[in-house]
Amino acid sequence: MTSQLLDASEQIATGARSACHRLLYLYRKHKWYVENPSVVACYNELVQLEFGEVRARFKLRASSAIFTALEQCQECIEITSEDNIIQYVNPTFEGMMGYQREELIGKELTQMPKSDKNKADLPDTINSYIKKGKEWQGMYYGRKRNGDSIRQNVRIMPVIGQGGKIRHYVSIKTPCNENKADTAGFSDRLQVESQTEICTSKYKGRRKSSDVRSNTSRGSDGSNQARRSSIARIHSMTIEAPITKVINIINVAQENSSDGVAEALDRVLEILRTTELYSPQLGNKDEDPHTSDLVDGLMSDGLRKLSGNEYVFTKNAQLSLSHLPVSTSLNDIPPRITELMENEQAWDFDIFELEAATHKRPLVYLGLKTLSRFGVCEYLNCSESTFRSWLQVIEANYHSSNSYHNSTHAADVLHATAYFLNKERIKQSLDRTDEVAALIAAIIHDVDHPGRTNSFLCNAGSELALLYNDTTVLESHHAALAFQLTTRNDKCNIFKNMERNEYRILRQAIIDMVFATEMTKHFEHVNKFVNSINKPLAGLEENGIGGGRSNEDSFSFILSSTDNRTLIKRMLIKCADVSNPCRPLQFCIEWAGRISEEYFAQTDEEKQKGLPVVMPVFDRKTCSIPKSQISFIDYFITDMFDAWDAFADLPNLVQHLGTNFKYWKYLDEQNLSSLRPPPEQ
Ligand code: AMP
Ligand code: ZN
């Protein structure tokens, strides 16, 4: 506006000079100026015009823009006259205080109901500053129309008008939550000079915006400039992050809610500000050492101190095609294996029998059969022999010496994955790419697993932990190695005929699923699934909340979004990965024995090498396997399979889970710590 004014006065002055020479009457909007031959007199007349009428007109012209800004402003603005009569409040103010503008304008501030929560001398203190033309900023309790007190950050600025006198006071207010720790002694910190940093952390995002402005209007030294731009950056960053949007929405809701609701929302905000949003907090860890050990062992990622001991990662030779035994084809599978695999689509399929019949190579056989059933070769446009070679390479890179994390576990996860993919709801939700990604992810998801947990690798300072910075170590390795093994040799590169973009999409989906098997994110994946899939679907089933759509359309609307499909795929592989407690009892017992043995071996090694013992309850001399299984099922499995069953309809799995849980309970009640009761005499 200033530059416009300058331009205008410049034009007027230029015109005036020639006007003077020609002794014209100057007519300006109903005013007559007497002809005067003196250039100086005429010039003075024009200067008066510029600083009087012209400037006033420009200001008036700008006023509707300024009012628009005030009306839209998110901060509460109140303008009073020099004698404290309310002249203007903006809609945010009306919303916060519960008044209509008409009820306030013309009222004297002293007539307005006051909150008794303010320190008795605070109004005097405020007056002592602002009446002297100084700005006041601090915390103040206002009284809403409904009588509630509201704590506000307030900034009151005297506005100097005509004759250099205070003509108005402008108050800018933002609500401020009760938080003793945050704001203790706040009201005592009266700030008189123009302040920048008086705001509780809760309102940083919003208050910073006014800070940026107040800084801008002040001095322009270099440090101020730099600070300003960094604050502006923080401001735009906090505005854009989705969590900031959520927090801002809650803040606004707090402004208009009763104290009780505002307090509840305060607690919500506290929770939202923590980073571990999805992990339940274990109460007293000492209560159940099995649970706490499993949680520490499976859900912590190198959080324990490194011991300084170097764990030499047993380097797998990364077996390649040339080292592998003679190829298998679907045509030359021994009849015994073919016969065994006839039952491959049933949940009670016996993977251990296949393991024995294939001499610990169940993955190649089951893989070939399953991938051909799902038409994966056709989808990837590659031959069965490429698939065979690929499966052989992948299987060879599983450690058959691991009691649990070997290729039989991978085959078992593949089996569960294929079983889930056949369920109606899942077929409705996922497309072909999702299906292929799920099957490949299941096959590779634990490749080259060393039989030790992430925590162990981090504690030991293993090569892998160093490579992946103690973060998602094993899962990163499984995914990275699988793609290396696949793409380094055309003979086993099942992706070689894919179009680049399709490959990128498929690769991304596979990596995401392998990463989802990391137990540190267990509750995040399960809770997101429940909130985004189970709950909306349940709502739909109960109330038909389709918003104009048919129920069928609403179902597919929820299921088909890319984000939700990702959640479904993550849940699918997670459930497949730890489905062993939902298998028929004899299989469940076998898996429990295998995982316990792997944990025992880890504890043995930790002790032998002087490393921290990650899961002390898994000591082969003292461990109660039934207790450990009860804890594992209670803590990780039951809720997850309830949610998965609600979605995919898997009553047989839930039934097995119940039976198996009772079995472990029974053993525990008999004070037995073994896998099975002793044989009857
Ligand atoms: P993954 O390493 O991908 O197989 O992730 C699954 C995790 O769950 C592993 O860390 C296993 O050790 C753990 N797990 C699976 N089954 C059981 C079980 N029955 N008891 C205890 N832990 C298990
Ligand atoms: Zn696994």
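It should be emphasised that the depicted structure is a prediction, and the values quoted were computed from it without experimental measurement. (Residues numbered from 1 in each chain as written. Chains lettered and ligands numbered in written order. Predicted model: local features only at pLDDT ≥ 70, side-chain atom pairs only at ≥ 80, totals over all residues. Heavy atoms only, no water.)

A.B. asks: Looking at this structure, how should I read the pairing of strand β7 (residues 166–175)?
C.D. replies: Every other side chain in a regular strand lies on the same face of the sheet, so the side chains alternate between the two faces. The element β7 is largely enclosed, with a buried count of eight among its 10 residues. Of the strand pairs in this sheet, strand β3 (residues 76–81) and β7 are connected by six bridges, and their pairing is antiparallel. Looking at β7, one finds that T80 is bridged to Y169. Here strand β6 (residues 149–160) runs beside β7; their pairing, made up of nine bridges, is antiparallel. (Buried < 20%, exposed > 50% of the residue type's maximum accessible area, 1.4 Å probe, protein only. Helix = DSSP H or I, 4+ residues; strand = E, 2+ residues; numbered from the N terminus. Pairing = 2+ DSSP bridges.)

A.B. asks: Would you mind showing me how to read the coordination of the zinc ion (ligand 2) here?
C.D. replies: Reference values for angles at a metal are 109.5 degrees in the four-donor tetrahedral case and 90 or 180 degrees in the six-donor octahedral case. Protein-derived coordination of the zinc ion (ligand 2) comes from H409 (NE2), H445 (NE2), D446 (OD) and D577 (OD), at a distance range of 2.1 Å. Every donor counted, the six donor atoms about the zinc ion (ligand 2) form angles of 61 to 171° at the centre, which fits irregular coordination. If you list the donors of the zinc ion (ligand 2) from N- to C-terminus, the spacing comes out as H-x35-H-D-x130-D. Just as H445 is buried, D446 falls in that class too. (Donors = N, O, S within 2.8 Å, 3.2 Å for Na, K, Ca; no water. Tetrahedral: all angles 85-135°; square planar, octahedral: opposite > 155°, others 65-115°.)

A.B. asks: Looking at this structure, I do not really get empty space enclosed by the protein. What am I missing?
C.D. replies: Empty space among the atoms becomes apparent when a probe as large as a water molecule is rolled across them. Summed over the entire model, instances satisfying the criterion amount to three cavities of 30 Å³ or more. In this model, the largest cavity occupies a volume close to 520 Å³. Together, 33 residues line the largest cavity, and L298, H405, M519, I595 and Y599 are the ones closest to its centre. Those elements that provide at least two residues to the lining of the largest cavity are α11 (289–299), α22 (473–487), α27 (585–609) and α28 (625–648). Looking at which element gives the most residues to the lining of the largest cavity, the answer is α27, with five residues. (1 Å grid on protein atoms, 1.4 Å probe; cavity = no way out; pocket = protein on both sides within 12 Å on 5 of 7 lines; lining within 4 Å. Points joined across faces, edges and corners; volume = space filled by probe spheres on them.)

A.B. asks: Where do I start with the pattern of salt bridges in this structure?
C.D. replies: A side chain with one charge may pair with a side chain of the opposite charge, provided their charged atoms come close. The tally for this structure, following the rule as stated, stands at 26 salt bridges. The partner of D434 in a salt bridge is R565, and the shortest N-O contact between them spans 2.8 Å. Remark: R565 occurs in helix α26 (residues 562–577) and D434 occurs in helix α19 (residues 432–444); sequence separation between them is 131 residues. One exposure class covers both D434 and R565, and it is buried. Residues joined by salt bridges that share partners form a network here, namely D431, D434, R565 and K569. (Salt bridge = Lys/Arg side-chain N within 4 Å of Asp/Glu carboxyl O.)

Nothing here speaks to function; it is all geometry.
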